[in-house]
Amino acid sequence: MAEYCKISFPGSDFVPITLECHKSLSEHLTIQNSPVLFGCRTGICGTCLVEVIGDIPPPQPDEQEMLETLAANHAHARLACQLDVTSDVLIRRLGG
Ligand code: FES
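The present account deals with the structure reproduced in this document. Just so it is clear, the model here is predicted, and its values are computed rather than measured.

1. Some details on the overall build of the chain
Looking only at helices and strands, the chain features two helices and five strands. Along the chain, from the amino end to the carboxyl end, the secondary structure elements read β-β-α-β-α-β-β. Relative to the 2.2 N^0.38 estimate, which gives 12 Å for 96 residues, the radius of gyration of the chain is 12 Å and therefore close to what a compact globule would have. Taken along its principal axes, the extent of the C-alpha atoms in the chain is 35 × 30 × 20 Å. The buried share among the 96 residues of the chain stands at 24%. Expressed as a percentage of contacts within the chain between residues at least 6 apart in sequence, the contacts between residues at least 24 apart total 60%.

As structure tokens, then:
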């Protein structure tokens, strides 16, 4: 049975979205349903930089390297296109 994860966007007017856990955010979040913007969708451009609050796996080395360049002092910064969503999360956009 699929488990579902709720994606919320505090500080924005977007309503929370419920997705099957482990679904790719870059395939399911759009400019119509979320404040998150995507570019490359492969973890190299930084457009999808967000703050994430939730119990999800830590960044892989490639994502970690990008985060150190883009948001070195931000403990909750992540690349939305690289997230493995395993529980309910709060997402705020950080990217430009
Ligand atoms: S969309 Fe380019 S890093 Fe996520």
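2. Concerning the nonpolar core
Counting 19 residues, the largest nonpolar core has Val36, Cys48, Ala80 and Ile91 as the members making the most contacts within it. Those elements giving two or more residues to this core turn out to be strand E3 (49–54), helix H2 (61–70), strand E4 (77–79) and strand E5 (89–93).

3. Concerning the sheet that holds strand E2 (residues 17–20)
Strands sit in the order E2-E1-E5-E3-E4 across an open sheet of five strands; the sheet is mixed. Pairing within the sheet leaves two strands with one partner each, and these edge strands are E2 and E4. This sheet shows a mean twist of 40° between the axes of neighbouring strands, independent of strand direction. Relative to E5, strand E1 (residues 4–8) is paired through two bridges, and the arrangement is parallel. Its bridge partner being in E5, Ser8 is matched across the sheet by Leu90. Its contacts with the sheet put H2 on E3 and E4, and the angle it makes with E4 is roughly 125°.

4. Notes on unusual backbone geometry
The phi torsion at His22 lies on the positive side, around 75°, for a residue other than glycine. Residue placement: His22 occurs in the loop between E2 and helix H1 (25–28). Classification of His22 as exposed rests on a count of 12 C-beta atoms within 10 Å. The phi dihedral of Arg41 falls on the positive side, at around 65°, and the residue is not glycine. Structurally, Arg41 is set in the loop between H1 and E3. According to the C-beta neighbour criterion, Arg41 is partly exposed, with 17 such atoms within 10 Å.

Rules behind the numbers
- Residues numbered from 1 in each chain as written.
- Predicted model: local features only at pLDDT ≥ 70, side-chain atom pairs only at ≥ 80, totals over all residues.
- Helix = DSSP H or I, 4+ residues; strand = E, 2+ residues; numbered from the N terminus.
- Rg over C-alpha atoms; globule rule 2.2 N^0.38 Å.
- Buried ≥ 20, exposed ≤ 12 C-beta atoms within 10 Å, placed from the backbone.
- Contact = placed C-beta atoms within 7 Å.
- Core = buried A, V, L, I, M, F, W, Y, C linked by C-beta atoms within 7 Å.
- Pairing = 2+ DSSP bridges.
- Axes fitted to C-alpha atoms, helices over the stretch in contact; angles between N-to-C directions.

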